[in-house]
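These are the residues of each chain, in order.
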Amino acid sequence: MDTTDRLAALQPTAPDGATARYVFRVEVRLEPAADGLWTDPDRFETTLYRAADDPGTSGWLFFRDTLWRGEIADEPHFRRLVADELGCQVVSASFSELRTDEAYFDALKAEIADDLSLFNADSVSDVTNKYLGSSIRVT
């Protein structure tokens, strides 16, 4: 699998009207290529969002497969992926939260409950605690 294939997991699926999104804190550094140019400040923090796939659809296990134990769990690798997407140097990148509304969160919990064996867990709360911890914000 090449880097482009792995990045597909980071690309938003429904940027407009998404009811749930993964939120990442990213610090970038700007380094102009031309001599005599510079930025001040040359570093800043921004927020990167990825739309969360609807529970039960392709990609809905992003929190399990990519966030918790995959591409994003390896911070140096995640920084490189984000740098490729943003086109600038990324100094740090980390997961912040799953931001969602009540309806999406209920649907997510129902989908998890349908097959707890996917998560090697005994309950839905075990799954949400294991993979997302306290990083869920329901608005």
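Above this text is the structure in question.
Residues numbered from 1 in each chain as written. Predicted model: local features only at pLDDT ≥ 70, side-chain atom pairs only at ≥ 80, totals over all residues. Heavy atoms only, no water.

Engineer: Quick question: what am I supposed to make of the side chain of Arg-64 here?
Structural biologist: Here Arg-64 shows up in helix α2 (residues 62-68). Given a relative accessible area of 11%, Arg-64 falls into the buried group. In contact with Arg-64, other than residues within four places in its own chain, are Arg-69, Leu-118, Phe-119 and Tyr-131. (Helix = DSSP H or I, 4+ residues; strand = E, 2+ residues; numbered from the N terminus. Buried < 20%, exposed > 50% of the residue type's maximum accessible area, 1.4 Å probe, protein only. Contact = heavy atoms within 4.5 Å.)

Engineer: Looking at this structure, how should I read unusual backbone geometry?
Structural biologist: Note: most peptide bonds trans; most residues except glycine with negative phi. Of note, the amide linkage connecting Asp-40 to Pro-41 takes the cis form, showing an omega dihedral of 0 degrees. Tracing the backbone shows Pro-41 in the loop between β1 (20-29) and β2 (43-51).

Engineer: Explain the packing of aromatic side chains to me, please; I cannot follow it from the model alone.
Structural biologist: Between two aromatic rings, the relevant description is the distance of the centres plus the angle of the planes. Summed over the entire model, instances satisfying the criterion amount to 10 aromatic pairs. For the pair Phe-24 and Phe-95, a centre-to-centre distance of 5.9 Å together with 65 degrees between the ring planes defines the contact as edge-to-face. Of this pair, Phe-24 sits in strand β1 while Phe-95 sits in strand β3 (residues 89-100), and the two are 71 residues apart along the sequence. Look at Phe-24 and you get buried, because its relative accessible area is 1%. Arranged with centres 5.9 Å apart and planes meeting at 15 degrees, the rings of Phe-63 and Phe-119 form a pair that is stacked. (Phe/Tyr/Trp six-rings, centres within 6.5 Å; stacked < 30°, edge-to-face > 60°.)

Engineer: Please clarify how the pattern of salt bridges should be interpreted in this entry.
Structural biologist: For side chains bearing opposite charge, pairing can occur when the charged atoms are close. For the coordinates displayed, the defined rule picks out nine salt bridges. Note that Glu-45 is salt-bridged to Arg-25, the shortest N-O span being 2.7 Å. Placement of the pair is Glu-45 in strand β2 and Arg-25 in strand β1, with a sequence separation of 20 residues. With a shortest N-O distance of 2.5 Å, Asp-65 and Arg-64 are connected by a salt bridge. Classification of Asp-65 as partly exposed rests on a relative accessible area of 32%. What you see here is one network of salt bridges that share partners, running through Glu-97, Arg-99 and Arg-137. (Salt bridge = Lys/Arg side-chain N within 4 Å of Asp/Glu carboxyl O.)

Engineer: Mind showing me how you'd approach helix α3 (residues 75-86) here?
Structural biologist: With 12 residues, α3 extends 16 Å between its outermost C-alpha atoms, agreeing within 8% with the 16 Å of an ideal straight helix rising 1.5 Å per residue. For α3, the full list of buried residues reads His-77, Phe-78, Leu-81, Val-82 and Ala-83. A positive phi of about 75 degrees marks Gly-87, the residue just after α3. (Expected span 1.5 Å × (residues − 1).)

Engineer: Looking at this structure, how should I read the environment of Leu-81?
Structural biologist: Mapped onto the elements, Leu-81 comes out in helix α3. Judged by its relative accessible area of 1%, Leu-81 falls in the buried class. Separated by 10 residues in the primary sequence, Leu-81 and Glu-71 have C-alpha atoms spaced 8.6 Å apart.

Engineer: Is there a simple way to explain the nonpolar core in this structure?
Structural biologist: For soluble globular proteins, nonpolar side chains are generally found buried alongside one another. Membership of the largest hydrophobic core comes to 29 residues, with the highest contact counts inside it found for Tyr-22, Phe-24, Phe-63, Leu-67, Leu-108, Ile-112 and Phe-119. Top contributing element to this core by residue count: β1, with five residues. Here Tyr-22 is in contact with Leu-48, Tyr-49, Arg-50, Ala-51, Ala-52, Trp-60, Phe-62, Phe-63, Leu-67, Phe-95, Glu-97 and Leu-98, once residues within four sequence places are set aside. (Core = buried A, V, L, I, M, F, W, Y, C linked by side-chain atoms within 4.5 Å.)

Read these as layout, nothing more, since geometry by itself doesn't imply function.
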